[in-house]
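Chains, contacts and geometry: an overview
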Amino acid sequence: MSKIPAGFCTKQAVTLDGIQSALIMLMGEIYEHMDEGHGPSPTHNDCAAWGDGLSWLIKSIGRVRDELREVRS
């Protein structure tokens, strides 16, 4: 069984932090776009669906990041 290289989990957790932050910013932009009433494309429902999907993805990334940090400890 191969060992995980030293620092691998830490590096991956930091990378996931960056990805999660970018997705949170994107989700904020989508919701801001909805609130400003831009249209007709994308529609309000499209924005809401993207926001919901991003929210799920952000939470999933956070769980993986937390598990990596736990492995590191």
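You'll find the structure just up there.
For the structure given in this document, a descriptive report is provided here. (Residues numbered from 1 in each chain as written. Predicted model: local features only at pLDDT ≥ 70, side-chain atom pairs only at ≥ 80, totals over all residues. Heavy atoms only, no water.)

**A closer look at the pattern of salt bridges**
As enumerated under the stated definition, the model contains 3 salt bridges in all. Between R65 and D17 there is a salt bridge whose closest N-O contact spans 3.0 Å. Of this pair, R65 sits in helix 2 (residues 44-72) while D17 sits in helix 1 (residues 8-35), and the two are 48 residues apart along the sequence. Here R65 falls in the buried class, since its relative accessible area comes to 12%. A salt bridge links R65 to D66; the nearest nitrogen and oxygen atoms lie 3.1 Å apart. Within this structure, D17, R65, D66 and R69 form a network of salt bridges that share partners. (Salt bridge = Lys/Arg side-chain N within 4 Å of Asp/Glu carboxyl O. Helix = DSSP H or I, 4+ residues; strand = E, 2+ residues; numbered from the N terminus. Buried < 20%, exposed > 50% of the residue type's maximum accessible area, 1.4 Å probe, protein only.)

**Section: the nonpolar core**
Listed in full, the 10 residues of the largest apolar core are C9, L16, L23, M27, I30, C47, L54, I58, I61 and L68. With residues near it in sequence (within four places) discarded, L23 still touches L54, L57, I58 and I61. (Core = buried A, V, L, I, M, F, W, Y, C linked by side-chain atoms within 4.5 Å. Contact = heavy atoms within 4.5 Å.)

**Quick notes on the side chain of Q20**
One can find Q20 in helix 1. Once you skip the residues sitting within four places of it in the chain, Q20 turns out to touch I58, I61, G62 and R65.

**Notes on the environment of A13**
The topology assignment puts A13 in helix 1. Through-space distance from the C-alpha of A13 to that of L68 is 6.2 Å; in sequence the pair is 55 residues apart. Among residues more than four places away in sequence, those in contact with A13 are R65, L68 and R69.

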